[in-house]
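A structural walkthrough
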Amino acid sequence: MVNRDETLERIKAQLWVESRNYPLCHKLGDQGSYIFVSITQDAESEEFYDETRRLCDLRLFMPVLKVVEPIGNREEKIINYEIGKIVHSVLFLCNVCQLKTLCVIN
């Protein structure tokens, strides 16, 4: 069982320790070669590259994480993820500003 306040980094470290109890653990690569994937509350499959995020902050549909080797260019995907976070933040701020403007006008 994992505490909901654990970071993905800590969960992955615990997983690698636990994997030593299984016969094919020698087939696993380095922890850094893998990422977590899950289904979010928006019904989207999301790859989690930022391992400093806590489990409770991921907005998962169900508390289930899958460990996979990322397909494609990892660095490019991380940059796209960061750009997406910035765009989302800007859109959120724009919406807040519009609401404030509407409240002032009325």
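Quick note: structure is the one above.
Below: a short report on this structure. What you see is a predicted model, and the numbers here were worked out from it, not measured in a lab. (Residues numbered from 1 in each chain as written. Predicted model: local features only at pLDDT ≥ 70, side-chain atom pairs only at ≥ 80, totals over all residues. Heavy atoms only, no water.)

1. What to know about the side chain of E51
With respect to the element layout, E51 can be found in the loop between β2 (45-48) and β3 (66-68). Not counting the four nearest positions on each side in its chain, E51 is found in contact with T7, L8, E9, K12 and Y34. (Helix = DSSP H or I, 4+ residues; strand = E, 2+ residues; numbered from the N terminus. Contact = heavy atoms within 4.5 Å.)

2. Concerning the pattern of salt bridges
A full pass over the atoms with the stated rule returns five salt bridges. As a salt-bridge pair, R53 and E46 come within 3.6 Å of each other at their nearest N and O atoms. You can call E46 partly exposed: its relative accessible area is 23%. One salt bridge connects D57 with R54, and the closest N-O pair in it is separated by 3.0 Å. Take D57: its relative accessible area is 38%, and that puts it in the partly exposed class. The class of R54 is partly exposed, set by a relative accessible area of 32%. Counted as one network, the salt bridges with shared partners bring together D5, R54 and D57. (Salt bridge = Lys/Arg side-chain N within 4 Å of Asp/Glu carboxyl O. Buried < 20%, exposed > 50% of the residue type's maximum accessible area, 1.4 Å probe, protein only.)

3. Some details on helix α1 (residues 8-19)
With 12 residues, α1 ought to run about 16 Å at 1.5 Å a step, and its terminal C-alpha atoms sit 16 Å apart, in line with that. For α1, the secondary structure elements touched by its buried residues are β1 (35-39), β2 and β3. (Expected span 1.5 Å × (residues − 1).)

4. So, the nonpolar core
Among the nonpolar cores identified, the biggest contains seven residues, and these are L8, I11, F36, F48, L55, L58 and L60. Look past the residues within four positions of L55 in its chain and what remains in contact with it is V2, N3, R4, E6, I11, L60 and L65. (Core = buried A, V, L, I, M, F, W, Y, C linked by side-chain atoms within 4.5 Å.)

5. Quick word on the environment of V37
Note on placement: V37 falls in strand β1. In the structure, V37 is positioned 12 residues away from Y49 in sequence and 9.1 Å away in space, judged by C-alpha atoms. When residues no more than four places from it in sequence are discounted, the contact partners of V37 are S45, E46, E47, F48, V64, L65, K66 and V68.

6. Notes on the environment of Q31
Mapped onto the fold, Q31 is located in the loop between α1 and β1. The spatial distance from the C-alpha of Q31 to the C-alpha of L15 is 9.5 Å, given a sequence separation of 16 residues. Sequence-distant contacts of Q31, that is, excluding residues within four places in its chain, are made with K12, A13 and W16.

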